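For reference, the chains in residue letters:
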Amino acid sequence: MAKTSATRSYASPSPLPEEARQRVATALNERLADGLDLWTQVKVAHWNIKGPYFAGLHPLFETFAVDLAERNDEIAERAVTLGGLAYGTARHVARESRIAEYPQETTRDLEHVALLADRFDTYLEGVRRSRGVAEEARDIDTVDLLTVTISQFEKHTWFLRASLER
Ligand SMILES: [Fe+2]
């Protein structure tokens, strides 16, 4: 019998049924595409930002990029732990990401803050939806992993929204 792409690589140590593991691995790959896309966007903001808030925001954006790189790695490795594969090339990500493209001509500091805050909201919507898939599949370890991602990115979004307050 032909094996599916989500389970062909190796036997998972997870006791969850194959169908559940496959569903969760697919949901994790959707979040990996969004997260890798968002990582490039945060770096673009980190590089191009100009204005009076540069000194605070340039390093703040880097902390987001470092955190997101770690979350992407955890999400990819969880998909593979569940017996799936991790899809993460630039071309794959460009096709699959749900995050709106970043306007790369932007330079003003607070414009970057608003653009990133909106994109973090979209990212969070996706992570919450994938956590729902893991909940349904009774995969509490993936639920935990995505809960960490959500609490981290809700905090990052707060930092951005607070910077926009007048
Ligand atoms: Fe840098």
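Note that the coordinates shown come from a computational prediction; the quantities given were computed from them, not determined experimentally.

1. What to know about the environment of Ala65
Here Ala65 is to be found in helix H2 (residues 54–81). Ala65 sits 30 residues away from Gly35 along the chain, and the two C-alpha atoms are 9.9 Å apart. With residues near it in sequence (within four places) discarded, Ala65 still touches Trp39, Val42 and Lys43.

2. Section: the packing of aromatic side chains
Here the structure, examined in full by the defined rule, presents five aromatic pairs. Aromatic side chains Phe64 and Phe120 sit 5.4 Å apart centroid to centroid with 70° between the ring planes, which places their arrangement in the edge-to-face category. Linking Phe64 in helix H2 with Phe120 in helix H4 (residues 109–136), this pair joins segments that are 56 residues apart in sequence. Exposure remark for Phe64: the relative accessible area of 0% places this residue in the buried category. Taking 5.2 Å as the distance between ring centres and 70° as the angle between the ring planes, the aromatic pair formed by Phe120 and Phe153 counts as edge-to-face. With Phe120 in helix H4 and Phe153 in helix H5 (residues 140–164), this pair connects stretches of sequence that are 33 residues apart. Across the pair, Phe153 and Phe120 agree in class, each one buried.

3. Focus on a negative patch on the surface
Judged by side-chain charge, Glu70, Asp73, Glu74 and Glu77 come together as a negatively charged surface patch. Along the polypeptide, Glu74 turns up in helix H2.

4. Some thoughts on the packing of H2 against H4
With their axes 11 Å apart at the nearest point, H2 and H4 run at an angle of 20° to one another. Taken as axis vectors, H2 and H4 run roughly parallel relative to one another. Of the two elements, H2 crosses H4, and the hand of that crossing is left-handed. On the side of H2, the interface is formed by Phe54, Leu57, Phe61, Phe64, Leu68, Arg71, Asn72 and Ile75, while H4 contributes Asp109, His112, Val113, Leu116, Phe120 and Tyr123.

5. What to know about the pattern of salt bridges
Inspection of every chain in the model, using the stated rule, returns ten salt bridges. Here Asp34 ties to Arg31 by a salt bridge, and the two come within 3.1 Å at their closest N and O atoms. Taken together, the positions of Asp34 and Arg31, both in helix H1 (residues 18–48) and three residues apart, correspond to about one turn of that helix. Arg31 sits in the buried class, given a relative accessible area of 0%. Between Arg161 and Asp121 there is a salt bridge whose closest N-O contact spans 2.6 Å. Of this pair, Arg161 sits in helix H5 while Asp121 sits in helix H4, and the two are 40 residues apart along the sequence. When salt bridges that share partners are traced, they join Glu30, Arg31, Asp34 and Arg98 into one network.

Cut-offs and rules
- Residues numbered from 1 in each chain as written.
- Predicted model: local features only at pLDDT ≥ 70, side-chain atom pairs only at ≥ 80, totals over all residues.
- Heavy atoms only, no water.
- Helix = DSSP H or I, 4+ residues; strand = E, 2+ residues; numbered from the N terminus.
- Contact = heavy atoms within 4.5 Å.
- Phe/Tyr/Trp six-rings, centres within 6.5 Å; stacked < 30°, edge-to-face > 60°.
- Buried < 20%, exposed > 50% of the residue type's maximum accessible area, 1.4 Å probe, protein only.
- Patch = residues over 30% accessible without salt bridge, like charges linked within 9 Å, V, L, I, M, F, W, Y side chains within 5 Å.
- Areas by Shrake-Rupley, 256 points an atom, 1.4 Å probe, with all protein chains shown as cover.
- Salt bridge = Lys/Arg side-chain N within 4 Å of Asp/Glu carboxyl O.
- Lys, Arg positive; Asp, Glu negative; His and termini not counted.
- Charge placed at Lys NZ, Arg CZ, Asp CG, Glu CD.
- Axes fitted to C-alpha atoms, helices over the stretch in contact; angles between N-to-C directions.
- Parallel < 35°, antiparallel > 145°, perpendicular 65-115°, else oblique.
- Left-handed = near helix turned anticlockwise from the far one by under 90°.

Note that all results are geometric; they support no functional claim without further evidence.
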